[in-house]
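In case you want the letters, here they are:
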Amino acid sequence: METFKIEGVILRTTDFGDANRVVTIYAKDFGKLELNAYGCRRAKSSMSGALQIFNRITAEVSHGAKVSTIREADVVNFYSNLTADIERLSYAAIFFEIVNRMTLPKFPEPELYNLLIKSLPALNNLDARIAALIGVCQFMEMTGFQLNYFECVHCGAKITGDAKINLKTGGAMCMNCFVDESLNYPKNVRLAFAEMLKHDWRGELKLNQQQINSAEEILWRQVRGILGKELNSIKFIKQMQKN
């Protein structure tokens, strides 16, 4: 049985049996891995505190014929605010669910791993709603799913003022070219996407409520179109906002 060490960020956990857990990790050198952690939910387990979503960890992994198993795990960074604040946790979960659902297993992308570890302090300490938007926006760019935000996808003209955006055609459309079912795409929302794409995660990005709402509508609709259904984390936020 091959044994190796990894460093990674936990994207998702699923409990099974009385004390076990399946842990989905985005590992620095290996990409997305799904690993079994037997007995980790027992109070006396040395891994009980480490194997939680959003933790950045190092771990020893044994690779078997059918499954890979975590033998040991230590926390590199623990983000306590993410587990203490349900709203903050929910917006962080949107970004992590998108990364989990839209990446292939065992396909390492160092740029994506760096995005995850840069985003976690912002999700933990700053405006998590905006941090999640920035994370998703940059994830879409680096994985090839990005819409064209700055030129008309029909005529190629540079967008300079208010416009429309259409998910089926792949992005922005000028007021001479837009088709039915296009969303409003005001100038200040275009400027928000420009700021999110170039944000270096140093300090906080300020967006107004219209920019946040419009960017969410565009990105969450895009994700739903790619995956064929709405994210569980977005469903939870909508339900929470109703209550």
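That block above? That's the structure.
Residues numbered from 1 in each chain as written. Predicted model: local features only at pLDDT ≥ 70, side-chain atom pairs only at ≥ 80, totals over all residues. Heavy atoms only, no water.

## Quick look at the sheet that holds strand 6 (residues 163-166)
- The sheet built from 3 strands is open, its strands ordered 7-6-8 with antiparallel pairing. Two strands close off the open sheet at either side, each with one partner strand: strand 7 (171-173) and strand 8 (183-185). Neighbour-to-neighbour, the strand axes of this sheet turn through a mean angle of 40°, independent of strand direction.
- By the bridge criterion, 3 bridges tie strand 6 to strand 7 in an arrangement that is antiparallel. From the neighbouring strand, Lys164 faces strand 7, where its bridge partner is Met173. (Pairing = 2+ DSSP bridges. Helix = DSSP H or I, 4+ residues; strand = E, 2+ residues; numbered from the N terminus. Axes fitted to C-alpha atoms, helices over the stretch in contact; angles between N-to-C directions.)

## Some thoughts on the layout of surface pockets
- Space inside the largest pocket adds up to approximately 290 Å³.
- Residue lining of the largest pocket: 14 residues in total, with Ile53, Ala93, Glu97, Asn232 and Ser233 positioned closest to the centre.
- When residues of the lining of the largest pocket are traced back to their parent elements, those giving at least two are strand 1 (2-16), helix 2 (86-101) and helix 7 (232-242).
- With 7 residues, the top contributor of residues to the lining of the largest pocket is helix 2.
- Class assignment for the residues of the lining of the largest pocket results in 7 nonpolar, 4 polar and 3 charged.
- In this structure, the second largest pocket occupies an estimated 240 Å³ of space.
- As for the second largest pocket, its lining consists of 14 residues, of which Glu216, Trp220, Glu230, Ile234 and Lys238 are closest to the centre.
- Mapped onto the lining of the second largest pocket, the elements with two or more residues apiece are helix 2, helix 6 (209-227) and helix 7.
- At 6 residues, helix 6 tops the list of elements feeding residues into the lining of the second largest pocket.
- Here the residues of the lining of the second largest pocket sort into 5 nonpolar, 2 polar and 7 charged. (1 Å grid on protein atoms, 1.4 Å probe; cavity = no way out; pocket = protein on both sides within 12 Å on 5 of 7 lines; lining within 4 Å. Points joined across faces, edges and corners; volume = space filled by probe spheres on them. Nonpolar A, V, L, I, M, F, W, Y, C, P; charged D, E, K, R; others polar.)

## Considerations on the packing of helix 4 (residues 128-143) against helix 6
- Interhelical geometry of helix 4 versus helix 6 gives an angle of 45° and a closest axis separation of 11 Å. Classed by the angle they form, the pair helix 4 and helix 6 counts as oblique. With respect to the hand of their crossing, helix 4 and helix 6 are arranged in left-handed fashion. Residues Arg129, Ile130, Leu133, Val136, Cys137 and Met140 of helix 4 form the contact with helix 6, whose own contacting residues are Gln209, Ile212, Asn213, Ala215, Glu216, Leu219, Trp220, Gln222, Val223 and Ile226.
- Classifying every residue of the contact of helix 4 with helix 6 by side-chain character gives 11 nonpolar, 3 polar and 2 charged. (Parallel < 35°, antiparallel > 145°, perpendicular 65-115°, else oblique. Left-handed = near helix turned anticlockwise from the far one by under 90°. Contact = heavy atoms within 4.5 Å.)

## Re the pattern of salt bridges
- Going through the model one piece at a time under the given rule, you end up with 11 salt bridges.
- In this structure, the salt-bridge partner of Glu7 is Arg56, at a minimum N-O distance of 2.8 Å. One end of the pair, Glu7, is in strand 1; the other, Arg56, is in strand 4 (residues 56-63), and 49 residues separate them in sequence.
- Its relative accessible area of 22% is what places Glu7 among the partly exposed residues.
- A relative accessible area of 18% means that Arg56 is categorised as buried.
- A salt bridge links Glu181 to Lys168, with the shortest nitrogen-to-oxygen separation between them at 3.3 Å. In this pair, Glu181 is assigned in the loop between strand 7 and strand 8 and Lys168 in the loop between strand 6 and strand 7, connecting sequence segments 13 residues apart. (Salt bridge = Lys/Arg side-chain N within 4 Å of Asp/Glu carboxyl O. Buried < 20%, exposed > 50% of the residue type's maximum accessible area, 1.4 Å probe, protein only.)

## Focus: unusual backbone geometry
- Notably, Lys106 is not glycine yet its phi reads approximately 55°, a positive angle.
- Topologically, Lys106 is positioned in the loop between helix 2 and helix 3 (110-125).
- For Trp201, which is not a glycine, the phi torsion comes out positive at approximately 65°.
- Within the element layout of this structure, Trp201 appears in the loop between helix 5 (187-198) and helix 6.

## Some points on the side chain of Lys32
- As for its placement among the helices and strands, Lys32 is situated in strand 3 (residues 31-37).
- Among buried charged residues, Lys32 stands out as having no salt bridge; its nearest opposite-charge side chain is Glu34, 7.5 Å away.
- Polar contacts involving the side chain of Lys32 include one to the main-chain carbonyl oxygen of Asn100, which spans 2.6 Å.
- For Lys32, the contacting residues outside a window of four places in its chain are Leu11, Thr24, Ile25, Tyr26, Asn100, Thr103, Leu104, Pro105, Lys106 and Phe107. (Lys, Arg positive; Asp, Glu negative; His and termini not counted. Polar contact = N/O pair within 3.5 Å; in protein donor to acceptor, adjacent residues only side chain to side chain.)

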